[in-house]
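Next come the chains, spelled out residue by residue.
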Amino acid sequence: MSELMHLIYSSAATQHFGRDELVELLDRARTTNSKLDISGMLLYIDGSFLQVLEGAPDQVDALFSHIAKDSRHTTVVTIIREPIAKRTFSDWSMGFADVSTDDLNEIDGLNDFFTGEACFTGLGAGRTKKLLNAFKSGRWRSRIEGITPPATPSVAREREPSAPPTPDPAPPELALDIENLAVSFAFQPIVDVANQQISSYEAIVKTDSGGSAEEFLSPHMAGPNSGLLQRELQHRAIALAAKLGLNTGLTLKYSASGIEEADQLMSETLEIGERYGFTGNQITLEIDQDQLTGDTSWFAAVIQKQRGLGLRFSIDHFGDGRSGLSLIDAYQPDSVALNRNLVTGIESHGARQAIVRGVIQTCDDLGIDLIAKHVETEAEIAWFRYEGVELFQGTIIAPPTFEKLSGDIGYTERLAA
Ligand SMILES: Cc1cc2nc3c(=O)[nH]c(=O)nc-3n(C[C@H](O)[C@H](O)[C@H](O)COP(=O)(O)O)c2cc1C
């Protein structure tokens, strides 16, 4: 049996599609598709398209790249691209339904193509049917307003299989000259775009000349010095932030969650903060989701206690690896920062959109702030803004500045306008 796949995408019409325009488009599509042995269907509702393309992977990808560049539609979002065992629309080089709003509730068997064909009722109960039904009930309708179309809509490819994880090396017993540690900090704003304010600055550890400190610090992060190191880094970040006159929130990485003195370390952070004039709720500890997996109920209890004392908590890299929504239940953080893999190119990736919408809804329901970190394009920002996300961190908004608070939110003012 030859290899088959289907690709399902949604898009928004950029021009009026009346009957004549649709018939012309379909005539062309049916001729080309039958030559390429591509089957599928096109659904059109009030300016939104949903199309299913089925066939040999190379042919489907090539046709989709071609269609995606058609200027008659925009915001092309790949909802799914996956292998299939058999075609759902084998007889149709391009089935079609044009559904007006009034007809929505009676979509079964509607329209020229579908009348008498019992299209929806005839479909097998697979993913295609579920997606068509989701579209019918208002989901996956692309909206032009507020969304900057991506310059080149991308084809979602199957992910390259990742290399098997290499086991962590045993923590080395490295000597660490804490007092003479050659590190300093850059500060990157987390911006509340709706209110045009810097909500917090994240302190990012650097070498004392502003380079990446990761390579030389990471061997110590999990080792016997991790508590000492944590204490020193937080002290220095707080002292520098105070010296620079920081009067917003201050976000500090907390990377020693595996150690028993967590409670002690956090209390010290709070004390140091107070010493430098930071009041309660100004300091947020950002904890990598990796450190929150497994049985960490004792750690959750520490966090809850410290929240009560005035520290705020954020889960970083949310959505990476195996972290799930249950982390939110266990830790009840003040904020959640999305991992880069959920943010990059979100305006054209259906699966990422569906996952992130779920996270947004959960955070909204629980009063947790959601931070879209690592935003790099206006199209990504526009997508998050449309979904109601207000907090952003990324180079395009404001890059980290070494030993300085940039305070520049000019770009943000343009976004809020
Ligand atoms: C929503 C939408 C769906 C389309 N579907 C198909 C299709 O299934 N097959 C096809 O050949 N062209 C399809 N087209 C039209 C192509 O984008 C393109 O205009 C057509 O292939 C002619 O391309 P050419 O002028 O480069 O020859 C579609 C266009 C739009 C806007």
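Residues numbered from 1 in each chain as written. Predicted model: local features only at pLDDT ≥ 70, side-chain atom pairs only at ≥ 80, totals over all residues. Heavy atoms only, no water.

## Thoughts on the site of the ligand
At step 1: The full set close to the ligand counts 16 residues, and R28, N33, Q51, H66 and D70 are the nearest of them.
At step 2: Q51 has a polar side-chain atom sitting 2.9 Å from an oxygen atom of the ligand.
At step 3: Measuring from an oxygen atom of the ligand, one finds a side-chain N or O atom of D70 at 2.6 Å.
At step 4: Compared with its free state, where it exposes 620 Å², the ligand has 80% of that area covered by protein.
At step 5: Those elements giving two or more residues to the shell around the ligand turn out to be α1 (19–36), β3 (48–55) and α2 (57–68).
At step 6: Looking at the shell around the ligand, the element that brings in the most residues is α1, giving five residues.
At step 7: Residue composition of the shell around the ligand, grouped by class: eight nonpolar, five polar and three charged. (Near = heavy atom within 4 Å. Polar contact = N/O pair within 3.5 Å; in protein donor to acceptor, adjacent residues only side chain to side chain. Areas by Shrake-Rupley, 256 points an atom, 1.4 Å probe, with all protein chains shown as cover. Helix = DSSP H or I, 4+ residues; strand = E, 2+ residues; numbered from the N terminus. Nonpolar A, V, L, I, M, F, W, Y, C, P; charged D, E, K, R; others polar.)

## Some details on the side chain of S200
At step 1: Its location among the elements puts S200 in strand β7 (residues 197–207).
At step 2: Within the structure, S200 has its side chain in polar contact with the backbone oxygen of G249 (distance 3.1 Å).
At step 3: Within the structure, the side chain of S200 is placed 2.8 Å from the side chain of T251, a separation counted as a polar contact.
At step 4: Not counting the four nearest positions on each side in its chain, S200 is found in contact with Q188, P189, I190, T248, G249, L250 and T251. (Contact = heavy atoms within 4.5 Å.)

## What about the nonpolar core?
At step 1: Counting residues in hydrophobic clusters, the biggest one holds 63 residues, and the most contacted among them are L250, M266, F299, L338, F384 and F392.
At step 2: Sort the elements by how many residues they give to this core and helix α7 (residues 226–243) lands first, with six residues.
At step 3: With 21 residues, the next largest nonpolar core counts F17, L26, A29 and L63 among its residues. (Core = buried A, V, L, I, M, F, W, Y, C linked by side-chain atoms within 4.5 Å. Buried < 20%, exposed > 50% of the residue type's maximum accessible area, 1.4 Å probe, protein only.)

## Overview of the pairing of strand β6 (residues 183–192)
At step 1: Along β6, ten of the ten residues are buried, which leaves the element largely enclosed by surrounding structure.
At step 2: Side-chain alternation along β6 places V183, F185, F187, P189 and V191 on one buried face and S184, A186, Q188, I190 and D192 on a second face that is also buried.
At step 3: Bridging between β6 and β7 involves ten bridges; their strand directions are antiparallel. Residue pairing across strands places V183 opposite T207, the latter belonging to β7.
At step 4: Once β6 ends, the chain turns through four residues before running back antiparallel as β7, passing Q196 with a positive phi of about 50°.
At step 5: As paired strands, β6 and strand β14 (residues 401–402) are joined by two bridges and run antiparallel to one another. Looking across to β14, one finds that F187 is bridged to T401. (Pairing = 2+ DSSP bridges.)

## Considerations on helix α12 (residues 350–366)
At step 1: Given a rise of 1.5 Å per residue, 17 residues ought to cover 24 Å, and the 24 Å separating the end C-alpha atoms of α12 matches this to within 8%.
At step 2: Among the residues trailing α12, G367 stands out with phi positive, at a value near 70°. (Expected span 1.5 Å × (residues − 1).)

Nothing here speaks to function; it is geometry throughout.
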